[in-house]
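The primary structure of each chain is shown beneath.
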Amino acid sequence: MRHLLRIEHWILHKFKFDRMSNNLFWLAAILLPFIAGLIFWFLRLHQQPDVEYIVNRDPSFSGLVAEIYYRDDSFYLRPLSKHLLLNFAPVRNTTQLKEQDQLVIGHTIFQVRQLNDWTPHLLTIGYYAPDRDLNDGVSVGRSIHPEELNQWQINDIIVKDNAVEPVHFFLFPGQPQQYRLKNVGQKGVELLTAPSSPDSSKPKPPEWVHVTTETTVQAGQQIRIENTTFEFVHIEQQEALALKIIRGVRPTYKLSRDARNIIGGLRMIPKKYIPDYLIDEEFLEYVRQAIEHGLFSLDDPAQRQGMPKIFVKGFDHTGKFVQAEFEQLSPKQKFLLGKIFRFREEAGAALRWRRPFNREAEDSYQFYPDQIENFIFNEQTNQVKDIYQYAARLTNPHTIAEELATERGEIFDRDRYSHARLWAYTDLTKSPVTELLITPSTDPKTIIAFNPNKDPDNLIYVAGGYTFSKDTSVAYADGMVHLKSGEKDIPLQNGQQFTLGRYTFRYVAPGKGVLAQNAGNGQRFYPLGDRLAHILGYSFAKNQFKGNIEKVFDQILLGQEKQPPWWSLQRTIQRRPGNNLILTLDDDLQRVVYAELNKKLVELNTRYRTSAFTGAAIMINKEGEILASASIPSYNPNDLHSILKALNESEADHWNSSYINRATQKSYPPGSTMKVIMSTIALDNKAQFLWDIGDGQYKIKSGGGAFACTGHLTSFRGVSFGKYGIPDFGGSAHGELTLDTALTKSCNNTFAFLALSAGWQTIQQYAERYGFNQEFDFLPYEMFRRDLQLVSRIERDARDPLISLKSQVPTPQEELKLSQLARMGIGQWEILATPLQMATVAMTVGNLGLRPYPHIVKEIEDRVTKTTRAFPYPQQIRVFQADMLGELFPMMQHVVQVGSAVRMARSTIPYYSLKDHVAGKTGTAEVEDQRGRKYNVVWFISFVPVENPQLAIAIVLEKGPIISGEAVEVARGIWEKTVLLYPELFQQPQQ
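Cut-offs applied
Residues numbered from 1 in each chain as written. Predicted model: local features only at pLDDT ≥ 70, side-chain atom pairs only at ≥ 80, totals over all residues. Heavy atoms only, no water. UniProt positions renumbered as here; feature names shortened; annotations may be inferred. Buried < 20%, exposed > 50% of the residue type's maximum accessible area, 1.4 Å probe, protein only. Helix = DSSP H or I, 4+ residues; strand = E, 2+ residues; numbered from the N terminus. Pairing = 2+ DSSP bridges. Phe/Tyr/Trp six-rings, centres within 6.5 Å; stacked < 30°, edge-to-face > 60°. Axes fitted to C-alpha atoms, helices over the stretch in contact; angles between N-to-C directions. Contact = heavy atoms within 4.5 Å. Domains from an automatic or database assignment. Disulfide = S-S within 2.5 Å. Salt bridge = Lys/Arg side-chain N within 4 Å of Asp/Glu carboxyl O. Arc of directions from axis to C-beta. Parallel < 35°, antiparallel > 145°, perpendicular 65-115°, else oblique. Left-handed = near helix turned anticlockwise from the far one by under 90°. Nonpolar A, V, L, I, M, F, W, Y, C, P; charged D, E, K, R; others polar.

- Under an unreviewed UniProt entry, the name given to the protein chain is beta-lactamase, and the organism recorded is Vecturithrix granuli.
- Check the Catalytic activity (unreviewed entry) section of the UniProt entry for the protein chain; it says "a beta-lactam + H2O = a substituted beta-amino acid".
- Its UniProt record gives the protein chain the following Sequence similarities (unreviewed entry) comment, quoted word for word: "Belongs to the class-D beta-lactamase family."

Side note on the pairing of strand 3 (residues 74–79)
- Taking burial as the measure, the six residues of strand 3 include five buried ones, the bulk of the element.
- In this structure, strand 2 (residues 64–71) lies alongside strand 3, joined through six bridges in antiparallel fashion. When the sheet's bridge partners are listed, Tyr-70 is paired in strand 3 with Phe-75.
- The antiparallel pairing of strand 2 with strand 3 creates a hairpin that spans two residues between the two strands, and Asp-72 there sits at a positive phi of about 55 degrees.
- Where strand 3 lies against strand 6 (residues 95–96), two bridges are found, and the strand directions are antiparallel. When the sheet's bridge partners are listed, Leu-77 is paired in strand 6 with Thr-95.

Concerning the packing of aromatic side chains
- Scanning all chains against the criterion turns up 43 aromatic pairs.
- With a centroid separation of 6.2 Å and 15 degrees between ring planes, the pair formed by Phe-170 and Phe-172 is classed as stacked.
- On the basis of relative accessible area, Phe-170 is assigned to the buried category, the value being 13%.
- Owing to a relative accessible area of 17%, Phe-172 belongs among the buried residues under this scheme.

Description of the pairing of strand 34 (residues 460–463)
- By the alternation rule, side chains of strand 34 split into Ile-460 and Val-462 and Tyr-461 and Ala-463, which are all buried.
- Sheet topology note: the strand 32 (residues 434–438)/strand 34 ladder contains four bridges and is parallel. The residue bridging Leu-437 from the neighbouring strand is Val-462, located in strand 34.

Describing the sheet that holds strand 67 (residues 951–960)
- Read from one edge to the other, the open sheet built from five strands follows the order 49-48-67-66-65, with strand pairing classed as antiparallel. A single partner strand is all that each edge strand has here, and the edge strands are strand 49 (626–632) and strand 65 (919–928). Shown here is a sheet whose adjacent strand axes are inclined to one another by a mean of 10 degrees, direction ignored.
- Relative to strand 49, strand 48 (residues 614–621) is paired through six bridges, and the arrangement is antiparallel. By the bridge assignment, Met-619 is partnered in strand 49 with Ala-628.
- Strands strand 65 and strand 66 (934–944) of the sheet are contacted by helix 22 (residues 888–897), whose axis makes an angle of about 70 degrees with strand 65.

Some words on the domain arrangement of the protein chain
- Domain assignment breaks the protein chain into domain 1 (51–127), domain 2 (148–194 + 206–247), domain 3 (274–340) and domain 4 (426–507).
- Between the C-alpha centres of domain 1 and domain 4 there is a distance of 61 Å.

What to know about unusual backbone geometry
- Omega for the peptide link from Ile-632 to Pro-633 comes to 10 degrees, which places this bond in the cis form.
- Position of Pro-633 among the secondary structure elements: in the loop between strand 49 and helix 12 (640–653).
- Cis geometry is adopted by the peptide bond preceding Pro-945, which originates at Val-944 and carries an omega value of -25 degrees.
- Within the fold, Pro-945 resides in the loop between strand 66 and strand 67.
- Positive phi is not limited to glycine here, since Asp-695 has a value of about 55 degrees.
- Note that Asp-695 resides in the loop between strand 50 (690–694) and strand 51 (697–702).
- Overall, Asp-695 belongs to the exposed group, its relative accessible area being 80%.
- Although it is not a glycine, Leu-848 sits at a positive phi angle of roughly 55 degrees.
- In this structure Leu-848 comes out as partly exposed when scored by relative accessible area, which is 30%.

What about the state of the cysteines?
- Per the counting criterion, the structure on display carries zero disulfides.
- This cysteine, Cys-709, is not joined by any disulfide, and Cys-747 carries the nearest cysteine sulfur, 3.6 Å off.
- The class for Cys-709 is buried, based on a relative accessible area of 4%.

Some thoughts on the environment of Glu-281
- Relative to the assigned elements, Glu-281 resides in helix 4 (residues 281–292).
- Sequence separation between Glu-281 and Ser-143 is 138 residues; the distance between their C-alpha atoms is 9.2 Å.
- Sequence-distant contacts of Glu-281, defined by excluding residues within four places in its chain, comprise Arg-57 and Ile-144.

Observations regarding the pattern of salt bridges
- Evaluation of the coordinates by the stated rule reveals 39 salt bridges.
- Across the pair Glu-346 and Arg-344 runs a salt bridge, and its minimum N-O distance is 3.2 Å.
- Residue classification places Glu-346 among the partly exposed positions, given a relative accessible area of 40%.
- Of the charged contacts, one joins Lys-546 and Asp-554 as a salt bridge, the two residues approaching to 2.8 Å between their closest N and O atoms.
- By sharing partners, the salt bridges in this structure join Lys-600, Glu-603, Arg-607, Arg-903, Glu-966 and Glu-969 into a single network.

Looking at helix 6 (residues 331–340)
- The complete set of buried residues in helix 6 reads Gln-333, Leu-336, Leu-337 and Ile-340. Looking straight down helix 6, one finds that the buried residues subtend no more than 100 degrees of arc, so they occupy a single side.
- For helix 6, the secondary structure elements touched by its buried residues are helix 4, strand 23 (296–298), strand 24 (310–312), helix 5 (323–327), strand 25 (341–342) and strand 26 (352–353).

Thoughts on the packing of helix 13 (residues 675–684) against helix 16 (residues 748–758)
- The interhelical angle for the contact between helix 13 and helix 16, taken along N-to-C directions, is 55 degrees, at an axis separation of 10 Å. The angle between helix 13 and helix 16 falls in the class oblique. In this structure, the crossing between helix 13 and helix 16 has a hand that is left-handed. Mapping the contact onto sequence places Lys-675, Met-678, Ser-679, Ile-681 and Ala-682 in helix 13 and Asn-748, Phe-751, Leu-754, Ala-755 and Ala-758 in helix 16.
- Of the residues in the contact of helix 13 with helix 16, the class split is seven nonpolar, two polar and one charged.

Details of the side chain of Asp-299
- Residue position: Asp-299 is located in the loop between strand 23 and strand 24.
- Under the relative-accessibility criterion, Asp-299 is labelled buried at 11%.

Re the sheet that holds strand 52 (residues 705–706)
- Taking strand neighbours across the sheet as the criterion, the three strands line up as 50-51-52 in an open arrangement whose pairing is antiparallel. Every interior strand has two partners, whereas the edge strands, strand 50 and strand 52, have only one.
- Judged from the four bridges that link them, strand 50 and strand 51 form a sheet pairing that is antiparallel. Bridging from a neighbouring strand, Trp-691 pairs with Lys-699 of strand 51.

Brief notes about the environment of Leu-115
- Tracing the backbone through its elements, the reader meets Leu-115 in the loop between strand 8 (108–113) and strand 9 (121–130).
- The sequence separation of Leu-115 and Lys-98 amounts to 17 residues, and the corresponding C-alpha distance is 7.5 Å.
- For Leu-115, the residues in contact, after removing those within four places along its chain, are Phe-75, Leu-97, Lys-98, Glu-99, Pro-120, Leu-255 and Arg-257.

In structure tokens, the structure reads:
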């Protein structure tokens, strides 16, 4: 105190303060640290640049558990609590993480993935329960709240799957490596019975048995709950049980290289920190339980006008409180209403959500009966089924405001050009029923007839012009599109309309190839809609809901807002628009590929009276640029409800959902297209496999003679296949064949025999030279890892559209049976391929052994300076000798001319002969789904033109009793139109 008085005396003497000034000085001195601290807190309120939080809801902990950080090109794990195992062993010190490491945090098992790639992440692969917990009973369910069935406790294992009940079952220990499962929910579980012993004379396959009470599960057995399948695994070193996820939801958590990754419970997040987004899982769970307790209902479909409306029990159809109805609710129902809504218990009181729910509405908390985009419905039962996770996203409002204040970059196709077209309408208030592309061709053979009095048979037509009647036509003249009708010759202007027959046609002038553009107020518009959703994705600024390329390049497309410093007199905010993105796609070709695929799928679904047929098509050029990629079914990126529906399908069954890109992220048995690889093996090893009979023809060696097809291959070198022989289509016995004829006829016996002669190692080696057993990353991390600025601005995801699923020719885990090895030669056994992989196979043959590197992003453009930055992709790789693959050209051309792809040769277009210029190979594979139902997957791969290959395509169709000719017809329609879109790539017919 004495020292403070001396300081005060010195200040009064030095600065000549009076008593009032002195008091003000000390008041300011006392408040200054508080004010400085407040300013510092406010500036850091929405920023934690050095920390990323990974929240794992687990009742065994609520705070910090572990930290993962990146240093010196490696990730390290630093334990922060005892709730941690690494590869099922305790970890006490900082440890370097390795690929495939398994991390047990509380009751969740994670696997470390892609540490040396764009998307290092933790993948949830199962759940963990030590024996000491099992002794007291371990509850398993989806609920994160204390539940009555669990004696008002929180579940021990919280399964992130909506199909699981709030508390589904309990687990107790039984005999060694056995567990007692007690159902407490309504759904029960399905138990996979153990297969009968090998000694049984008639072994029976495993079957699922539904259990609703109590049962015993052995280690190694599987249980199924709706769409989720678990395997019980005994962890001997820890005396514990692991529930391994065989099929179902596997949440992933991205690991940041720029920040420390802190793992723990919800309470670990500092109260002052507002993350960019977080899922309010408590709110989601209360809404789901409210749905299960019947608190939500839909209006009567018979009286419905427009979209469905949703009602809440205890309230009228406008959301106003009704005392009499409310009193009839059970205590549980009232409790749930209070957790998800705010309302007063008085007549006419309005119903309001407890959190922002309808983001597009003026009042996002208000309950609106017609705001249904957040709910999932069962149309057959007319009931509310579930709620989308999207509905409970918490978003940083400052992030939204900053994005809305700037201009997002646009996305364009490869040449920023779209051909002129006519949109044909039957009702101008609705979407056009078809579009007629017009190319600037001078060849009169490219002009086709279009009957304006009939329904169109396709979504798109491509021609040099169109004749509608004897004296009415549209075509290019003097660089413009003209409408000729009788004596009239009218140059068409953009937007001009005319009516012929049942259609009103609207002319659209050549465009700029825009794939994604701004529509104002943070909205994006995608002109191609569902035709390109799997690649472009979606972007909704108001709720920061983004996906696919829009999400990957978000930081590059975003505009920048620069605030002046607080001390500056300049108050103007500097805003810079985001960068444009140019892709390798061609928007017109994309429309064509999607339309031809859609036409065939509609035809098949109509023919077989089903909706099960799906498919994909992808086209690349000789450099590996993806020109078009179509996957059906799809979703509409302009419609939030359509996106949410697709995401919900993906969570339930990703591989069969409309969200998955079947062209790059789903693999199928390649069937007879594998015979291209088998032919490569034979041609590259003639001395081992072939007899040269002259004129470029070869027969297949078999001992001292030539192999002869009997129609049913049942043995190899005297060893029988038993009952698992290899039949040919229709049981045809082809006799002795040349390799050319065997490929043309697609003889199964011949190529199964070649596989048996070559062995699985040779098949695997040659398939890998074509690209199997490796992922196609369209932005290879190794090429950008030193560009930290670019890496930090690109947000990759485990399922983003810039990575293709790995096609596989796996290494057998045990010695193959002869029948299994034989099936490798015809593209079955466990061989799987994506359409992109098979297009790459076709293009590698077309490139005479140069394998292209597939990619889809061409360059980034600065919207201010108009400068562009191209990406340095890997060059073509020489994987085979040119002269050897040159011998495969005529064989694949014969497949089109007289073989299994003869439907291609039936093309009737007058301006180009596909029969003379297309090479390809068909394929059919029989597939069995998880329920034992068999169906066909059919293929066609192709390259054109044979004399100078420039383009390759792969088509795949599933599921039904169809043959590969259906896929050939899709490719035929695509090639017929591609000739007009890219005339410079195709040799014109001789006059």
